[in-house]
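# Structure assessment
Residue-level listing of the chains:
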Amino acid sequence: MARDITPEEIAYADELIARARAAMDEIKDYDQAQVDRLARALGWNCGNETTFVRIAQMGVDESGIGDRAGRAGKRFKILGVLRDALRGKSVGIIEEDPAKGLTKIAKPAGVIASLIPTTNPELTPPVTGIYAIKCKDAVIFSPHPRAKETTFEMVRVMRETLAKLGAPRDIFQCVENPSIPLTDYLMANCDLTMATGGKPMVQAAYSSGKPAYGVGAGNATMVIDEDADIAEAAMNSRISKTSDFGSGCSADGNLVIHEKIYDAMKEALIKEGGYLCNPEEKALLQKALWKEDGSRRIETVAIAAQRIAEYAGFSIPDDRKFIMVEQEEIGKAHKFSGEKLSVTMALYKFKDFDDAMAKVRAIYDVGGKGHSCGIYSFNEEHILQHAKNAPVSRVMVRQPQSKANAGSFENGMPMTSSLGCGIWGGNITNENVSLKHYMNVTWVARPIPADRPSDEELFGEFYNTEVM
């Protein structure tokens, strides 16, 4: 049972919030050019290769999960977020529609409580910070205890960046000794919560009594159609699965492969560095990934394939990058059909596209509804059928899933580190959480010529028919 918040923690949180509001007041009259300048400075100081790689690797070392090279590769996200932020308006009039007589005016959302996951302690703060400063918000970051020093360091860089440009440091603050009661209090007393993390964190954010943007669990499932470019699909699957040792909820978890190319796809995956378990190894692997009660073992989350195998009780060659199991059964009792949070991938075979669609629906009944999926196909009818069928918010076509669905330079998705999963995932939005989610908007409506269709036009064939 969670303890009550202490009087000292309440006083500490109140002080953080008061300082945040005072800092916001200092920049309330900044114009678009001034906040854009701050955003650029944050993007450079947090996203230059030297600084980001240093702090990203610090995060892996501190938390014990993830891949030092893969984590550093997330740097592109800061550049993309800055690109998107600079292309948007966030101060004063941001949109006008003369035909409808509408003008939209942006205003700050307020003080944001930002909950930082252990998997992205170096990435989430600058992503949130760039969007927040564009909207003249303040942010109080609540780090994960396992990666708090990393978050402290990134927020320190952000604070110093503001100070060098004459802006108040306290636009960005970081909780020094995070605890669940303290975080709950912040969420209940700030204006908005950005909750990027596990299900308990998101549920707490939604229960805080204040607005919150949360994310949902993943179980990314990729359909490999019979016309797929097998080499491309295998390469992208490896890229997605091995990024940061599969720590992300967007990493390919399940490949649903057409029977005509199933064997060729397996060989291509092995060529890319996959290790295919035999039945005995698969049984050992399941025990290594999940406890008897079905909960995930933290010891095998986001670590190298060799370490997972060693923990399971077998060995794999040093050149293997990810582990594969062949799977037929789907359901809550069949753990490999759920989210794996590791460099582990399940392979399914389908006979025809209707069979593939049924398997996709069944997999998402196990977990991951609302998040994302993908397809390797050049058949536009199949692509759209998959998109209509899957209960997800985003579908990536012929792209490495974990590098694409939160935005990339090769697609049009908004850049973010927070993926809304809609009502399926218990979230308020299906969208990639980005600039527009960090602001309030006032609508100004002027009189226009009446836009009222006739009753005959509105009611159509039912107009003047017998009434009940």
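Residues numbered from 1 in each chain as written. Predicted model: local features only at pLDDT ≥ 70, side-chain atom pairs only at ≥ 80, totals over all residues. Heavy atoms only, no water.

### A closer look at the overall build of the protein
Our working rule: Here a helix means four or more residues in a row that DSSP labels H or I, a strand means two or more in a row labelled E, and each is numbered from the N terminus. Two things to know: the radius of gyration comes from C-alpha atoms, and the globule rule equals 2.2 Å times the number of residues to the power 0.38. With a 1.4 Å probe rolled over the protein chains alone, any residue whose accessible area is under 20% of its type maximum counts as buried; one over 50% counts as exposed, and the rest are partly exposed. Residues are treated as being in contact if the distance between any of their heavy atoms lies within 4.5 Å. Only the protein chains shown count as cover for residues, and all accessible areas are computed by the Shrake-Rupley method using a 1.4 Å probe. Charge assignment: positive for Lys and Arg, negative for Asp and Glu; neither His nor the chain ends contribute. Just so you know, the charge point we use is NZ for Lys, CZ for Arg, CG for Asp and CD for Glu.
On a plain count of helices and strands, the protein comes out with 17 helices and 15 strands. In terms of overall size, the protein behaves like a compact globule, its C-alpha atoms giving a radius of gyration of 24 Å where 468 residues would be expected to give roughly 23 Å. With respect to the three principal axes, the spread of C-alpha positions in the protein is 70 × 65 × 45 Å. Out of the 468 residues in the protein, the part that is buried amounts to 54%. Here the analysis covers contacts within the protein between residues at least 6 apart in sequence; of these, 71% occur between residues at least 24 apart. Of the accessible surface of the protein, which amounts to about 21100 Å², a share of 52% is contributed by carbon and sulfur atoms. For the protein, the centre of its 56 positive side-chain charges and the centre of its 64 negative side-chain charges are spaced 4 Å apart.

### Considerations on the sheet that holds strand β10 (residues 274-276)
How we decide: Paired strands are those between which DSSP finds at least two bridges. Angles run from 0 to 180 degrees between N-to-C directions of axes, and those axes are lines fitted to C-alpha atoms, restricted for helices to the stretch in contact.
Strand order in the open sheet made by the 7 strands is β10-β11-β12-β9-β8-β13-β14, with parallel pairing throughout. In the strand order of this sheet, the two ends are held by β10 and β14 (392-397), each with one partner. Direction aside, neighbouring strands of the sheet carry axes that sit 25 degrees apart on average. With 5 bridges joining them, strand β9 (residues 254-258) and strand β12 (residues 344-350) adopt parallel strand pairing.

### Quick notes on the packing of helix α12 (residues 279-289) against helix α13 (residues 305-312)
Relative orientation and spacing of two packed helices are given, respectively, by the angle between their axes and the distance between those axes. Note the following rule: Every angle not falling under 35 degrees, over 145, or within 65 to 115 is termed oblique; those three ranges are roughly parallel, roughly antiparallel and roughly perpendicular. Residue polarity follows a fixed list, in which Ala, Val, Leu, Ile, Met, Phe, Trp, Tyr, Cys and Pro are nonpolar, Asp, Glu, Lys and Arg are charged, and the others, Gly among them, are polar.
Their axes nearest at 8 Å, the elements α12 and α13 cross at an angle of 100 degrees. Taken together, α12 and α13 sit at an angle that is classed as roughly perpendicular. On α13, the residues that touch L284, L285, A288 and L289 of α12 are I308, Y311 and A312. By residue class, the composition of the contact of α12 with α13 is 7 nonpolar, no polar and no charged.

### As for the packing of aromatic side chains
The criterion, for reference: Pairing of aromatic rings covers Phe, Tyr and Trp, the last through its six-membered ring, and needs centres within 6.5 Å; plane angles under 30 degrees mean stacked, over 60 mean edge-to-face, and all others mean tilted.
Considering all chains together, one arrives at 7 aromatic pairs under this definition. Measuring from centroid to centroid gives 5.5 Å for Y131 and Y438, while their planes differ by 40 degrees, and the two rings are tilted. Taken together, the positions of Y131 in helix α6 (residues 124-134) and Y438 in the loop between α16 (401-404) and β15 (439-445) put the pair 307 residues apart, joining distant regions of the chain. For the pair shown, Y131 and Y438 are each scored as buried.

### Some details on the nonpolar core
Which entries qualify depends on this criterion: In these notes, a set of buried Ala, Val, Leu, Ile, Met, Phe, Trp, Tyr and Cys residues joined through side-chain atoms within 4.5 Å is what counts as a nonpolar core.
I133, I140, I171 and F172 are the most contacted members of the largest nonpolar core, which totals 66 residues. Here the element with the most residues in this core is helix α1 (residues 7-26); it accounts for 6 residues. Listed in part, the 50 residues of the second largest apolar core include V223, I261, M345 and I375.

### Let's talk about the sheet that holds β15
Strands sit in the order β1-β2-β15 across an open sheet of 3 strands; the sheet is antiparallel. The sheet is open, and its two edges are formed by β1 (92-97) and β15, each paired on a single side. The average angle at which neighbouring strand axes cross in this sheet is 25 degrees, direction not considered. Two strands pair when backbone bridges link them, and strand β2 (residues 102-108) and β15 are joined in this way by 7 bridges, in the antiparallel orientation. Paired with T103 across the two strands is V444, which belongs to β15.

Geometry only, nothing functional implied.
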